[in-house]
Amino acid sequence: MRSEKGAAEATATDSPRREKLLAVAAELFLHNGYDSVTVEMICAKAGISGPALYRHFQNKQALLIAVVEKDLKSLHRFARETVESEPDPATALAIMVEHHILSVIDAPPTPLIFHKNEHAFPEADRRRIRREMNLYAEEWISTVSPLRPDLSEPQVRLLTQSVFSMLNAVSTLNKGLDHGAIVSTMSYAAIQALTAIP
């Protein structure tokens, strides 16, 4: 049996490996698709052996699920905490928009990975992830609604989902721009799209 110190050291070593696997897999699943990506490809790009991958994930499918759930849960948690702590909807929306943009810059957007590889998810996982995505969208919708009294709820939903698509595209259309320029440009575009009353 390992000592407590040994277990702690193993955890400290394993965590960066797990994060590396998630980051590499996210890129591969987004650009190549689940069916074209092999465990060998993931391990080679991550610089990790096959046995090391299986210490963290049962199989390729489990890795795909973890890739999508990790960032999606983080986004939803941030949005929920922002809405709960910031009473001004305009300020809350600005915070959420900036956070979403930064998340897309830092890693491939979860919705794009999910939609591209949805066929590879077991039904129960597919439903759970869709529910999480809907809950994240609800935080935005509840924030935008009081800022757009001219729109019905279905219109707010359509507008919000359209803005998500625009912001998620940043992951593939940000060549040659620094982070500050991306955030300022896309934040302005998103806020205008969501709040400007004709």
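Up top you'll find the structure we're talking about.
From a predicted model like this one, the values you see are computed outputs, not experimental measurements.

Trainee: Looking at this structure, I do not really get the packing of aromatic side chains. What am I missing?
Mentor: For any pair of aromatic rings, the description rests on two quantities: the centre-to-centre distance and the angle between the ring planes. Inspection of the entire model under this criterion finds five aromatic pairs. With centroids separated by 6.1 Å and ring planes inclined at 70 degrees, the aromatic side chains of Tyr-136 and Trp-140 adopt a geometry described as edge-to-face. Taken together, the positions of Tyr-136 and Trp-140, both in helix α7 (residues 123-144) and four residues apart, correspond to about one turn of that helix. With respect to burial, Tyr-136 and Trp-140 carry one shared label: buried. Between the aromatic rings of Tyr-136 and Phe-164, the centroid separation amounts to 5.5 Å while the plane-to-plane angle is 10 degrees, which identifies the pairing as stacked. You can see Tyr-136 sitting in helix α7 and its partner Phe-164 sitting in helix α8 (residues 153-168), a full 28 residues away along the chain. The buried category is assigned to Tyr-136, whose relative accessible area is 5%. Given a relative accessible area of 7%, Phe-164 falls into the buried group.

Trainee: Help me understand the nonpolar core in this model?
Mentor: When a protein is soluble and globular, its nonpolar side chains tend to lie buried together. Counting 31 residues, the largest nonpolar core has Phe-29, Ile-42, Leu-63 and Ile-113 as its most contacted members. Elements represented by at least two residues in this core include exactly α1 (4-31), α2 (39-46), α3 (50-56), α4 (60-85), α6 (110-117) and α7. Ranked by residues supplied to this core, first place goes to α1 with eight residues. With residues up to four places along the chain from it excluded, the contact list for Phe-29 reads Tyr-34, Val-37, Ile-42, Lys-60, Leu-63, Leu-64, Ile-113, Lys-116 and Asn-117.

Trainee: Sorry if this is basic, but what is going on with the pattern of salt bridges here?
Mentor: Once their charged atoms are close, side chains differing in charge can pair, the charge on each being opposite to the other. Within the structure shown, the criterion is met by eleven salt bridges. We note a salt bridge from Arg-126 to Glu-118, for which the minimum N-O separation is 3.9 Å. One salt bridge in this structure joins Glu-153 and Arg-157, with 2.9 Å as the shortest N-O distance. With a gap of four residues between them, Glu-153 and Arg-157 both fall in helix α8, about one helical turn apart.

Conventions and cut-offs
Residues numbered from 1 in each chain as written. Predicted model: local features only at pLDDT ≥ 70, side-chain atom pairs only at ≥ 80, totals over all residues. Heavy atoms only, no water. Phe/Tyr/Trp six-rings, centres within 6.5 Å; stacked < 30°, edge-to-face > 60°. Helix = DSSP H or I, 4+ residues; strand = E, 2+ residues; numbered from the N terminus. Buried < 20%, exposed > 50% of the residue type's maximum accessible area, 1.4 Å probe, protein only. Core = buried A, V, L, I, M, F, W, Y, C linked by side-chain atoms within 4.5 Å. Contact = heavy atoms within 4.5 Å. Salt bridge = Lys/Arg side-chain N within 4 Å of Asp/Glu carboxyl O.

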